[in-house]
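# Examining the three-dimensional arrangement
Residue strings, one per chain:
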Amino acid sequence: MGDTLEFNEIYQEVKGSWNDGRLRFSKQNVVYKSSKTGKVDSIPAGELNMAQWRRVCLGHGIKLGTSTGHIYKYDGFRDTDFEKISEFFKANYKLELTEKDMCVKGWNWGTAKFSGPLLSFDVNDSTAFEVPLSNVSQCATGKNEVTLEFHQNDDTEVSLMEVRFYVPPSQADERQDPVEAFAQNVLSKADVIQATGDAVCIFKELQCLTPRGRYDIRIYPTFLHLHGKTFDYKIPYTTVLRLFLLPHKDQRQMFFVISLDPPIKQGQTRYHFLILLFSKEEDINLTLNMSEEDVERRFEGKLSKNMSGSLYEMVSRVMKALVNRKITVPGNFQGHSGAQCITCSYKASSGLLYPLERGFIYVHKPPVHLRFEEISCVNFARGTTTTRSFDFEIETKQGNQYTFSSIEREEYGKLFDFVNAKKLNIKNRGFKEKKGMKGKIDEYSDSDDDQHDAYLERMKAEGKIREEGNDSDESDGGSDESFNPGEEDDDIAEEYDSNASASDSSEEGEESEDESAKKKKPKKVKVVKEKKERKPRKEKKQKDSGGPKRPMSAYMLWLNSSRERIKSENPGISITEISKKAGEMWRQLGKDEKEEWETKAGEAKRQYDKAKKEYKESGGGSTSSSKKESKKSGGKKDDKKRKSAGGDKDRERGGGNDSFKSKEFIETSEESSSDSDHKSKSKRKKQSEDEEEEEAVSTPASSEEDSD
């Protein structure tokens, strides 16, 4: 067995919603990383003292307990994972993974047990359900009754609002009310925000961008209180994911960003980020409302009772000590102007994009934070309004796309080098070949030239590909030398003044106007040839109604036999929901059950092949093909007849006019006629001119032969 065990698509319950992630067991610790937030939970192996294997709604789950009193639950394991996890725990953690059955009787009378952060409701010593006390937002008591209210989560389709427990009166201990004892056990572990006691410190009239306004921020030991003129917000430190300290582009202001999950709410609006704006010149003298001994014991030297300095430094320092999270600052990236950010627009609002060491963050409306690990690819796109700017597109693995537009062209080289250095996948929409994309990255990875334009190079490369394709397709290249697709690249180069060539002007100086006019004529002739040489469209294959029907797949055979059962188990289900339900049931079938239907599908396929072979041997399918060929040949003959008849009529009309008329005479003589008559007659005149020129050329040759 290896040193680690890793599992994907393992789920953790967070306030009523399932968040997937990756779980890894190693000799040193147990690490779980959430795919949604990127938050990492690490449990040292030495602290594990309990491990249970349980049958849950998402397959099987593991419940881990630590010596510090914390409980961790992870679901989504398979039944076959029990043996290897149990052996790994015995070998590395010296801990036995015990199987624990849940009570499924449905009784509502049992025993409430408080074990750490969990309230367990047991029936006959078997757990019926568990309530994480951290999800409790309020606890109210009544006569022989306790009501628990829960935090709401926007990600859940169905939310549990409250649970009521009936607590019978106890005659054993009359001094303590059992209802009050129950409520005290809940409140000791519940996430109930109560502004009791004095604040550690208060910051007056801080400018807040989201939610907008000026707020007094009161720092309490367990939560943050924003007090404004209209609204108040209480933010527990457990909901803080990350802290950011970002310098403004003007170098005179600082952003302090607090990432929150779950977000704070105001009506239907959700604020996932709290953004504060500070001036660098604003200083403050701060005194904590605690004794020096308490400050030293609580913060371990991170803070002192009396501090002074810039306001943004004091706020970030206090928040870092209380939340116990690192502050993220911009890395080594520097833009064209020397700033650590890029000016751009997102959703019609201008803001700043900060490339960080492990992601991107955009401030401020709306704020966006994207981690590198959740980015599928990035793309550099030309700006739609002007060539002096470009767009930076980011596509996540969940399929969401973020477009940051109106970025100055001078920022392209720095941003491209940063993305390339972080080894992000750069999406090249101009070429589908991976080789071309890799060559593009290698060629421009170290370029800082202001005149560098990747889109001009892309156009040149596409022009070369078109030129190579035309050279391979054309057999009469000698007569069409003047038609060169590469001239399009020269026009583009002249537009951007980066690779302009003087080949066109030199050719015009050396050649006369008559020669240039002769060169232009073959272009028109070539265009006509290309139109004539177009390939006909491929006709769709028509089904043979008399042939055997194609066999069904294993899934379709199973679906036909199970459709009535699905309808009976789910009354009122729609047709689309039947297909969804059937797909889920088919994926959950075991190999043995699927093998039965696959054998039936294979037998049906063999019978179909046999029937098809017999059908072809008996002459089936040939009549339809012969009919198609006859239709095609008949159509071609009709086209030829029409063309020949039209040509004879034109010759008769052209033969009656012996005198030659110039182009100018035709145009002046037909001015009084209508537009339709003018166009038709001019076409006939031109055709007669061409035929007379051919006769004039051929006549001297025939006369010379006669004289010889």
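What counts and what doesn't
Residues numbered from 1 in each chain as written. Predicted model: local features only at pLDDT ≥ 70, side-chain atom pairs only at ≥ 80, totals over all residues. Heavy atoms only, no water. Patch = residues over 30% accessible without salt bridge, like charges linked within 9 Å, V, L, I, M, F, W, Y side chains within 5 Å. Areas by Shrake-Rupley, 256 points an atom, 1.4 Å probe, with all protein chains shown as cover. Salt bridge = Lys/Arg side-chain N within 4 Å of Asp/Glu carboxyl O. Lys, Arg positive; Asp, Glu negative; His and termini not counted. Charge placed at Lys NZ, Arg CZ, Asp CG, Glu CD. Helix = DSSP H or I, 4+ residues; strand = E, 2+ residues; numbered from the N terminus. Buried < 20%, exposed > 50% of the residue type's maximum accessible area, 1.4 Å probe, protein only. Core = buried A, V, L, I, M, F, W, Y, C linked by side-chain atoms within 4.5 Å. Contact = heavy atoms within 4.5 Å. 1 Å grid on protein atoms, 1.4 Å probe; cavity = no way out; pocket = protein on both sides within 12 Å on 5 of 7 lines; lining within 4 Å. Points joined across faces, edges and corners; volume = space filled by probe spheres on them. Nonpolar A, V, L, I, M, F, W, Y, C, P; charged D, E, K, R; others polar. pLDDT = per-residue confidence, 0-100. Axes fitted to C-alpha atoms, helices over the stretch in contact; angles between N-to-C directions. Left-handed = near helix turned anticlockwise from the far one by under 90°. Pairing = 2+ DSSP bridges.

- By the naming in an unreviewed UniProt entry, the protein is FACT complex subunit SSRP1, taken from Stegastes partitus.

### Some words on a positive patch on the surface
- Residues Lys-302, Lys-320, Lys-326 and Arg-358 make up a contiguous surface patch of positive charge.
- Among the secondary structure elements, Lys-326 is positioned in the loop between helix 4 (311-323) and strand 24 (327-328).

### Digging into the pattern of salt bridges
- In this structure the tally under the stated criterion is 18 salt bridges.
- In this structure, Glu-130 engages Arg-54 in a salt bridge whose closest nitrogen and oxygen atoms are separated by 3.4 Å. Of this pair, Glu-130 sits in strand 11 (residues 126-132) while Arg-54 sits in strand 5 (residues 48-56), placing them 76 residues apart in sequence.
- The exposure class assigned to Glu-130 is buried, which follows from its relative accessible area of 15%.
- Lys-63 is the salt-bridge partner of Glu-130, the closest N and O atoms lying 2.8 Å from each other. Taken together, the residues Glu-130 in strand 11 and Lys-63 in strand 6 (residues 59-66) connect sequence positions 67 residues apart. No difference in accessibility class separates Glu-130 from Lys-63, as the two residues are buried.
- Shared partners join several salt bridges into a network, and the residues in it are Lys-33, Arg-371, Glu-373 and Glu-374.

### Topic: the nonpolar core
- Of all hydrophobic cores here, the largest spans 40 residues; its most connected members are Phe-203, Ile-219, Leu-224 and Met-319.
- When residues in this core are grouped by element, the largest group, nine residues, is from helix 4.
- For Phe-203, the contacting residues outside a window of four places in its chain are Tyr-215, Asp-216, Ile-217, Ile-219, Ile-284, Leu-286, Leu-311, Met-314, Val-315 and Val-318.

### Observations concerning the layout of surface pockets
- A volume near 970 Å³ is recorded for the second largest pocket.
- Going through the elements one at a time, strand 2 (17-25), strand 19 (240-247), strand 20 (253-266), strand 21 (269-279) and strand 28 (368-371) are the ones with two or more residues in the lining of the second largest pocket.
- Among the elements that line the lining of the second largest pocket, the one with the most residues is strand 20, at six residues.
- Class assignment for the residues of the lining of the second largest pocket results in 13 nonpolar, 13 polar and 11 charged.

### Here's the deal with the confidence of the model for the protein
- Mean pLDDT over the protein works out to 75, with 68% of the residues at or above the 70 mark.
- For the stretch residues 649-659, pLDDT sits under 50, and the model shows eight contacts to residues farther than four places along the chain or on other chains.
- Scored below 50 in pLDDT, residues 694-708 shows zero contacts in the model against residues more than four places distant or in partner chains.

### A few points about the environment of Ser-337
- The topology assignment puts Ser-337 in the loop between strand 24 and strand 25 (342-346).
- Once the C-alpha coordinates of Ser-337 and Glu-411 are considered, the two residues, 74 residues apart in sequence, prove to be 8.5 Å apart.
- With near-sequence residues (within four places) excluded, Ser-337 lies in contact with Lys-249 and Glu-411.

### Notes on the packing of helix 11 (residues 554-569) against helix 12 (residues 575-588)
- The geometry of helix 11 relative to helix 12 is characterised by a closest axis approach of 10 Å and an angle of 115 degrees between their N-to-C directions. Here the hand of the crossing between helix 11 and helix 12 comes out right-handed. Along the contact surface, helix 11 presents Ala-554, Tyr-555, Trp-558, Leu-559, Arg-565, Ile-566 and Lys-567, while helix 12 presents Ile-578, Ser-579, Lys-581, Ala-582, Gly-583, Met-585 and Trp-586.
- Looking at the contact of helix 11 with helix 12, its residues break down into nine nonpolar, two polar and three charged.

### With respect to the sheet that holds strand 9 (residues 111-115)
- Read from one edge of the open sheet, three strands run 9-10-11, paired in antiparallel fashion. The two strands at the open ends of the sheet, each matched to only one other strand, are strand 9 and strand 11. Sheet twist, expressed as the mean angle between neighbouring strand axes with direction ignored, is 25 degrees.
- Here strand 9 pairs with strand 10 (residues 118-123) via five bridges, running antiparallel. Residue pairing across strands places Thr-111 opposite Asp-122, the latter belonging to strand 10.

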